[in-house]
Amino acid sequence: MADSMGLQFVSPYAFEAMQKVDVVRLAALSDPELRLLLPCLVRMALCAPADQSQTWAQDKKLILRLLSGVEAVNSIVALLSVDFHALEQDARKEQQLRHKAGGSNGESILVSQLQHGLTLEFEHSDPLRRLRLALSELLAIMNKVVDSNGEFFLKSSELFESPVYLEEVADVLCILQAELPSLLPIVDVAEALLHVRNGDWFLCLLVANVPDSFNEVCRGLIKNGERQDEESVGGRRRTEALRQLCQMNPSQALNIRAMVVEECHLPGLGVALTLDYKPDSADEAVSPLVSYVSGLLLGTNSKVRTWFSMFIRNGQKRESSSVLWQMRRQLLLELVAILPRSRSTHVPNDGDMDEGGGSGYSGLREEHVVKASALLRLYCALMGIAGLRPTDEEAEQLLQLMTSRPPATPAGVRFVSLSFCKLLAFPTLVSTPEQEQLMVMWLSWMIKEEEYFESAAGVSASFGEMLLLVAMYFHSNQLSSIIELVCSTLGMKIAIKPSSLSKMKTIFTQEIFTEQVVTAHAVRVAVTNNLSANISGFLPIHCIYQLLRSRAFTKHKVSIKDWIYRQLCETTTPIHTQLIPLIDAYINSILTPASKANPEATNQPITEQEILNVFQNSAGVAVFIGGRQRYSITTQLLILYYILSYEENLLASTKQLALMQKKPKSYSAALMDQIPIKYLVTQAQGLQQELGGLHSALLRLLATNYPHLCLVEDWVCEEEVTGTLPLLRKMMLPSNTCRYTQSQLHQAFQKLPSSSPRLMRILEHLTLLSPADLIPYAEALTSSTALLLEPAVPRRILQTLNKLWMGLNTVMPRRLWVMTVNALQPSAKLLRQQKYTQNDLMVDPLIVLRCDQRVYRCPPLMDIVLHMLNGYLLASKAYLHCHLKETADFDRQNQTVSNLGIQGQPDTPEVTREELKNALLAAQDSAAVQILLEVCLPTTEEQQLGGSPEDTEPEGGLLSDLREVQCLICCLLHQMFIADPNIAKLVHFQGYPQALLPLTVAGIPSIHICLDFIPELLAQPQLEKQIFAIQLLSYLCTQYALPKSLSVARLAISVMGTLLTVLTHAKRFAFFMPTLPCLVAFCQAFPPLYDDVAALLVQVGQVCASDVATKARDIDPLITRKYTESKSMFTLQTVDCSRMSLTASHLN
């Protein structure tokens, strides 16, 4: 507000004295300064105080003494002597009158008809009339503000413009507001004062005399302000008034600035307050202006960012006197102040460049580096987000700063990275050939000094990796990736057009980094030590990953295998997010050639010896526990992921590899046997948060390639082994407890049964150990398992061994299974020293069941055998699938080549191989089921002890070993039938002893699925299968009395009736003798079948009678007649008896 120039404003010192009522300070004020504060001081001296303390009484005396020599005090005292109650009533009547008149200036109750001008009237009036004149004028302005609907106007008023009476008018104004606060709210008065000349001066005086209202007035003015204050006269006047208020009370300037940002109004005021702000202690790092503007543009509040960006865009259209241009000038001064003193616009020669980063030419001082980085980011935000168009001077100085050479510190590395990204984001800053040459020389300096910066600064992420990465993106034309990289480094989203990068692409790909240079340089870059997600920035791994994706290494025949292996060995938790994509890209580059024209252009896989080194300790022994290891668990898990993923991708790519006549080498089974897969996955389970997606990726690969390591019962058992109870038991184990050795355990086994107590103590101690700590005892436990088959071995020892075995199974299943199978071989095989390998057991899982026969009556060991059998059946499926996949495509390719030129050659071998594999697996599973069912049959000795052969419950009832083994087998068969219902169908089509039907139907819950295929079984031509189907159905109907069972039973009765008419005498006897008792079970389960069964029995009797009569007639008619009568009587009696039994069952 230029109209208030020359007027004296309240000083910060005076305002603070008023705010704190510091009488000593007030006494030190000059007469002109004191004159501005008289309204408040006079009221303070005359009005009855709320504070009755002695201290205030003394202060009040000082104030009265201070006022005693001021002449203007008398006029203010006279103003305070007026009847303000009557004045307020008249003012309210005038407001009502104006409201009825529609706001027109008609009659006035406060002021009668003026004879002269407003100024003369004010001069000649008494205090009351002066109050009425000022009040009338003020109310008129306030009413017009309300009616203006936000449109700014400047009211011309003699009263507020006459320089002679400004102080008297200010006194009247302050007294009116103080005495009539309800009529004249201070916020409304402040708003009205903006519309008169000298309004900011009046406003400052008003607030200075009511210092407590400072924040209220400022907030009200900001709330009513414009979103863009620089675009209107009203906005600029409001900004200037608030700026004057903050100069009067500088301690609240930052709070007022915060209100501006909160309301998103008056952006120019925020900048102006920042320019005016003088901090008590100067911060050498970043200036307040840089911090404030950076916070607005780079903060998380998008509303604030948009608001301030609009201020920048609109402000560029105004003249240089605007707040925006003041801000730009200040920023430019700060930028120039930190530039190296000898920097100029000329391009240095080569000699200058060779002097290095410490030369006078380009040395950026260390204390200026952080400030320079902040300025660069701010200019990036101003240009990229707010759309600032730099002037030629700004562009020149920015380029000088960007191409400066900082000291080798972490902040210097950050500054170089920001400068490089700013060049990419705003290539228009480089407009002349001299500037382009300066940029190229600076980039060359970056390449040369990168290693020195990384070592001297002590940071893992240097700008060298970023240079490589950008060069690779340019070579592969991934401009969008460069834009993402720039935005990520700068920490802001900038709209960069890919077309603007064409000049930089030419410089990079043709002058600085050719593709061959990139690949050769990348291999020589040192790996990042202890790589983890805690290391931010752009690392060598990012560069290698992009080069692998673009196939640059294979294209230029550069080996990258050693670098990747070294980097994988230098990893720790939390795992870096780029490691898994790096491994995937590396595997793809091994298996897939860069081009079809050159199928040999692939990378080399990691060797088996290198892989084995990761899983061995320093002595070269395979490590299965978390003891002293050369490599971290992260490295071992990553190598495991590499192997499993490599094998999976190799299988998936066999068809493409066969077409190219290329067969990469697969890792041997011997290598896989030495890797503790399950132990590593168990360890990864406890580190899921730190491993990111590695654990889930490993589980997926295991489920595909090693399903026998993902058994559901294993996971359940793992919870029991690693749960809360085992942890509490381990906590009870004293640290100084006796620790048993493997030899002591072996000796205790050898001396059974006399050493049973000692063996039990050792085994109970071992149960307190974790599965990983049990691994050293695995061989001693498994090698002596056969000794537990001897009689008189306590059951508790067997159960404890089973528990220990299940614990070991959670960490080393494959190795444990092989040792256990070899230990449980019959004694004859042990004498021949026949040792099975992992491969033998996957090829023929039934080897597991060729164990010592005593195992079949030892439930704890039988549980172990069944667990291994289930695992090896799954392993065999995966093994055969992989084997078929490995060889099928190559064999088919060879056949295609051999059959070249032969028309109509059918492609049948592939179908045949798949069918053969399925048939082999089906035969394998069914053979296992049949052997297990045979185990369920009692032996001859058990039959003798139990009575009749039909009685499968031996002596001891349900507590016998046989019954427990039968339950274990039925549980396994139940799981197998659920997993693959075709196994159940195949086994029942093959048939098994009828004596096992009560056991299988009652013990295998999933056997009800047999109801689906019994009709098909009844349709088989073999009489034995039909008999077995009816016997099985009779037990199923008793166990599952379902509607489906009823319909199948009706079908069975119908089939029996049909067979009665077509079978010969001998076959009829063989069929009906075992099946007729089943009819009783049908009727017991379903009484509605009574009539159908009775009719069938009558039909059977009639057929038998006619058959007997036909045979006897050929011998002697007399004998035939008598025999027929007696036989008919016997048949009728048989039918009657059957009817009676059926009736009884029906009644029951």
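Residues numbered from 1 in each chain as written. Predicted model: local features only at pLDDT ≥ 70, side-chain atom pairs only at ≥ 80, totals over all residues. Heavy atoms only, no water.

Peer 1: Just give me the short version of the overall build of the protein, but keep the residues and values in it.
Peer 2: Along its length, the protein carries 62 helices and zero strands. Buried positions account for 52% of the 1148 residues belonging to the protein. Summarising the internal contacts of the protein: among those between residues at least 6 apart in sequence, 74% fall at separations of at least 24. About 52200 Å² of surface is accessible on the protein, with carbon and sulfur atoms providing 55% of the total. (Helix = DSSP H or I, 4+ residues; strand = E, 2+ residues; numbered from the N terminus. Buried < 20%, exposed > 50% of the residue type's maximum accessible area, 1.4 Å probe, protein only. Contact = heavy atoms within 4.5 Å. Areas by Shrake-Rupley, 256 points an atom, 1.4 Å probe, with all protein chains shown as cover.)

Peer 1: So what about the nonpolar core? Which residues, and what values?
Peer 2: Judged by nonpolar contacts, the single largest core of 369 residues is most densely connected at Leu245 and Tyr642. Ranked by the residues each element gives to this core, the list is headed by helix H22 (residues 369–384), at eleven residues. The residues contacting leucine 245, other than those within four sequence positions of it, are Leu203, Cys204, Val207, Phe214, Val217, Cys218 and Leu221. (Core = buried A, V, L, I, M, F, W, Y, C linked by side-chain atoms within 4.5 Å.)

Peer 1: Run through the pattern of salt bridges, naming residues and quoting values.
Peer 2: Here the structure, examined in full by the defined rule, presents 32 salt bridges. Note that arginine 238 and glutamate 226 form a salt bridge whose closest N and O atoms lie 3.7 Å from each other. Of this pair, arginine 238 sits in helix H15 (residues 233–248) while glutamate 226 sits in the loop between helix H14 (214–223) and H15, and the two are twelve residues apart along the sequence. Overall, arginine 238 belongs to the buried group, its relative accessible area being 5%. Salt-bridge contacts for glutamate 790 lead to arginine 854; the nearest nitrogen and oxygen are separated by 3.4 Å. You can see glutamate 790 sitting in the loop between helix H46 (778–783) and helix H47 (795–809) and its partner arginine 854 sitting in the loop between helix H50 (838–843) and helix H51 (859–898), a full 64 residues away along the chain. Relative accessible area serves as the criterion here: at 34%, arginine 854 is assigned to the partly exposed category. Residues joined by salt bridges that share partners form a network here, namely Glu16, Lys20, Asp22 and Arg25. (Salt bridge = Lys/Arg side-chain N within 4 Å of Asp/Glu carboxyl O.)

Peer 1: Could you give me a rundown of the environment of valine 558, with the residues and numbers involved?
Peer 2: Relative to the helices and strands, valine 558 resides in the loop between helix H31 (552–555) and helix H32 (561–569). Separated by 36 residues in sequence, valine 558 and alanine 522 place their C-alpha atoms 9.9 Å apart. When sequence neighbours within four positions are dropped, the list of residues in contact with valine 558 reads Thr519, Val523, Phe553 and Asn603.

Peer 1: So what about the packing of helix H12 (residues 186–193) against helix H13 (residues 199–209)? Which residues, and what values?
Peer 2: Axis separation between H12 and H13 bottoms out at 8 Å; the angle between their running directions is 160°. Between H12 and H13, the interaxial angle falls into the category roughly antiparallel. Contacts between H12 and H13 pair Ile186, Val189, Ala190 and Leu193 from the former with Gly199, Phe202, Leu203 and Leu206 from the latter. Partitioned by chemical class, the residues of the contact of H12 with H13 number seven nonpolar, one polar and no charged. (Axes fitted to C-alpha atoms, helices over the stretch in contact; angles between N-to-C directions. Parallel < 35°, antiparallel > 145°, perpendicular 65-115°, else oblique. Nonpolar A, V, L, I, M, F, W, Y, C, P; charged D, E, K, R; others polar.)

Peer 1: Explain the environment of glutamine 326 to me, and be specific about the residues and the numbers.
Peer 2: Tracing the sequence through the fold places glutamine 326 in helix H20 (residues 323–338). Given a relative accessible area of 31%, glutamine 326 falls into the partly exposed group. Taking the C-alpha atoms as reference points, glutamine 326 and leucine 275, separated by 51 residues in sequence, lie 8.3 Å from one another.

Peer 1: Quick one: what's the story with the packing of aromatic side chains, residue by residue and with numbers?
Peer 2: What the rule picks out here adds up to 13 aromatic pairs. Considering the side-chain rings of tyrosine 642 and tyrosine 667, the 6.1 Å spacing of their centres and the 70° angle between planes classify their relative orientation as edge-to-face. Linking tyrosine 642 in helix H35 (residues 633–652) with tyrosine 667 in the loop between helix H36 (654–659) and helix H37 (669–673), this pair joins segments that are 25 residues apart in sequence. For the pair formed by tyrosine 642 and tyrosine 667, the shared burial category is buried. Here a set of aromatic residues connected by ring pairs shows up, and it is made of Tyr586, Tyr642, Tyr646 and Tyr667. The aromatic ring of phenylalanine 153 is capped on one face by lysine 144, whose charged end is 4.7 Å from the ring centroid. Directly above the ring of tryptophan 325 sits arginine 328, whose terminal nitrogen or CZ lies 4.5 Å from the centroid. (Phe/Tyr/Trp six-rings, centres within 6.5 Å; stacked < 30°, edge-to-face > 60°. Lys NZ or Arg CZ within 6 Å of the ring centre and 35° of its normal.)

Peer 1: A description of H14 should follow, citing residues and the corresponding values.
Peer 2: If you check which residues of H14 are buried, you get Phe214, Val217, Cys218, Gly220, Leu221 and Ile222. Those residues of H14 hidden inside the fold are in contact with helix H1 (12–20), H12, H13, H15, helix H16 (253–263) and helix H17 (267–276).

Peer 1: Report on a nonpolar patch on the surface, specifying residues and quantitative values.
Peer 2: Among the surface-exposed residues, Phe152, Leu154 and Val233 lie close enough to one another that they form a single nonpolar patch of about 240 Å² accessible area. Within the element layout of this structure, leucine 154 appears in the loop between helix H9 (127–147) and helix H10 (158–161). (Patch = residues over 30% accessible without salt bridge, like charges linked within 9 Å, V, L, I, M, F, W, Y side chains within 5 Å.)

Peer 1: Summarise the state of the cysteines; cite the residues concerned and give the values.
Peer 2: Under the definition given, this model contains zero disulfides. The thiol of cysteine 380 is not disulfide-bonded; the next cysteine sulfur, from cysteine 421, is found 8.4 Å away. For cysteine 380, a relative accessible area of 0% puts it in the buried group. (Disulfide = S-S within 2.5 Å.)

Peer 1: I'd like a rundown of the environment of proline 390, residues and numbers included.
Peer 2: For proline 390, the location among the structural elements is in the loop between H22 and helix H23 (392–402). For the pair proline 390 and arginine 328, spaced 62 residues apart in sequence, the C-alpha separation works out to 9.4 Å. Excluding residues that lie within four positions of it along the chain, proline 390 makes contacts with Arg328, Met383, Ala395 and Leu429.

Peer 1: Provide a residue-level description of unusual backbone geometry, including the pertinent values.
Peer 2: In this structure, proline 574 follows threonine 573 across a cis peptide bond, with omega equal to -5°. With respect to the helices, strands and loops of the structure, proline 574 is situated in the loop between H32 and helix H33 (579–591). One non-glycine residue with positive phi stands out, namely leucine 266, at about 55°. Of note in this structure, alanine 792 is not a glycine but carries a positive phi near 70°. Relative to the elements of secondary structure, alanine 792 occurs in the loop between H46 and H47.

Peer 1: So what about the side chain of arginine 243? Which residues, and what values?
Peer 2: Here arginine 243 shows up in helix H15. On the basis of relative accessible area, arginine 243 is assigned to the buried category, the value being 14%. In this view, arginine 243 contacts Leu269, Ala272, Leu273, Asp276 and Gln326; residues no more than four positions away in its chain are not counted.

Peer 1: Give me the packing of helix H38 (residues 677–685) against helix H40 (residues 694–705): which residues, what numbers.
Peer 2: Remark: H38 packs on H40, axes separated minimally by 10 Å, with the N-to-C direction vectors making an angle of 145°. The chirality of how H38 crosses H40 is left-handed. Two secondary-structure elements touch here, H38 through Ile677, Val681, Ala684 and Gln685 and H40 through His695, Leu699 and Leu702. (Left-handed = near helix turned anticlockwise from the far one by under 90°.)

Peer 1: For the confidence of the model for the protein, give the residues involved together with the corresponding values.
Peer 2: This prediction gives the protein a mean pLDDT of 80; 83% of its residues lie at or above 70. A low-confidence stretch, residues 343–361 stays under pLDDT 50, and its non-local contacts, those more than four residues away or across chains, total 32 contacts. (pLDDT = per-residue confidence, 0-100.)

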